Amino acid sequence: VDTTECVSVSSVGLVRNNLEANIYPNPTNGQLTIELATLEQHQIEIFDGQGKLVISVRSSSMRDELDLNAFAKGVYTVRISTENSLSTTRITKQ
């Protein structure tokens, strides 16, 4: 078997590092603040308890404020992603 054109692969798939994000207050009464440690373009997605996407925002700010007042009380998942990083956090809306 000719292996002259083969390359060695040490990992398969997309490698993502955790994104440093501060999300508060948790629990929240409606207003949610997200602060990132670095200034880079990112996508914020919030999913309800059934996994339905309820908010999707693209931002380049180190601080974002989101209004969750229109949504029911419960547990939500906040996913923040950049080109190379990902942060997933659960929050509770009271």
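Residues numbered from 1 in each chain as written. Predicted model: local features only at pLDDT ≥ 70, side-chain atom pairs only at ≥ 80, totals over all residues. Heavy atoms only, no water.

With that settled, the discussion passes to the environment of K73. Tracing the chain through its elements places K73 in the loop between β6 (63–67) and β7 (74–81). The spacing of K73 and D48 is 25 residues in sequence and 9.7 Å in space, taken between C-alpha atoms. Residue contacts for K73: discarding those within four places in its chain leaves K93 and Q94. (Helix = DSSP H or I, 4+ residues; strand = E, 2+ residues; numbered from the N terminus. Contact = heavy atoms within 4.5 Å.)

The biggest cluster of nonpolar side chains holds 14 residues, and the ones touching the most others in it are I34, I46, V78 and I80. Broken down by secondary-structure element, the contributors of at least two residues to this core are β3 (31–36), β4 (42–47) and β7. With residues up to four places along the chain from it excluded, the contact list for I46 reads L32, K52, L53, V54, I55, L66, L68, Y76, T77 and V78. (Core = buried A, V, L, I, M, F, W, Y, C linked by side-chain atoms within 4.5 Å. Buried < 20%, exposed > 50% of the residue type's maximum accessible area, 1.4 Å probe, protein only.)

All chains considered together, the criterion is met by three salt bridges. For R79, the salt bridge identified is with E45, shortest N-O distance 2.8 Å. A residue pair is termed long-range when its members are at least 10 positions apart, and R79 in strand β7 and E45 in strand β4 qualify at 34 residues. A relative accessible area of 31% means that R79 is categorised as partly exposed. Accessibility expressed as a relative area gives 15% for E45, which makes it buried. (Salt bridge = Lys/Arg side-chain N within 4 Å of Asp/Glu carboxyl O.)

Okay, the confidence of the model for the protein chain next. Averaged over the protein chain, the pLDDT score is 87; the fraction of residues at 70 or greater is 82%. Segment residues 10–15: pLDDT under 50, and one contact once partners within four positions in sequence are set aside and those in other chains are kept. (pLDDT = per-residue confidence, 0-100.)

Attention shifts here to the sheet that holds strand β2 (residues 21–24). Taking strand neighbours across the sheet as the criterion, the three strands line up as β2-β3-β6 in an open arrangement whose pairing is antiparallel. Edge positions in the open sheet fall to β2 and β6, since each of these has one partner strand only. On average, each strand axis in the sheet is tilted by 15 degrees relative to the strand beside it, whichever way the strands run. Sheet topology places β3 next to β6; five bridges connect them, and they run antiparallel. (Pairing = 2+ DSSP bridges. Axes fitted to C-alpha atoms, helices over the stretch in contact; angles between N-to-C directions.)

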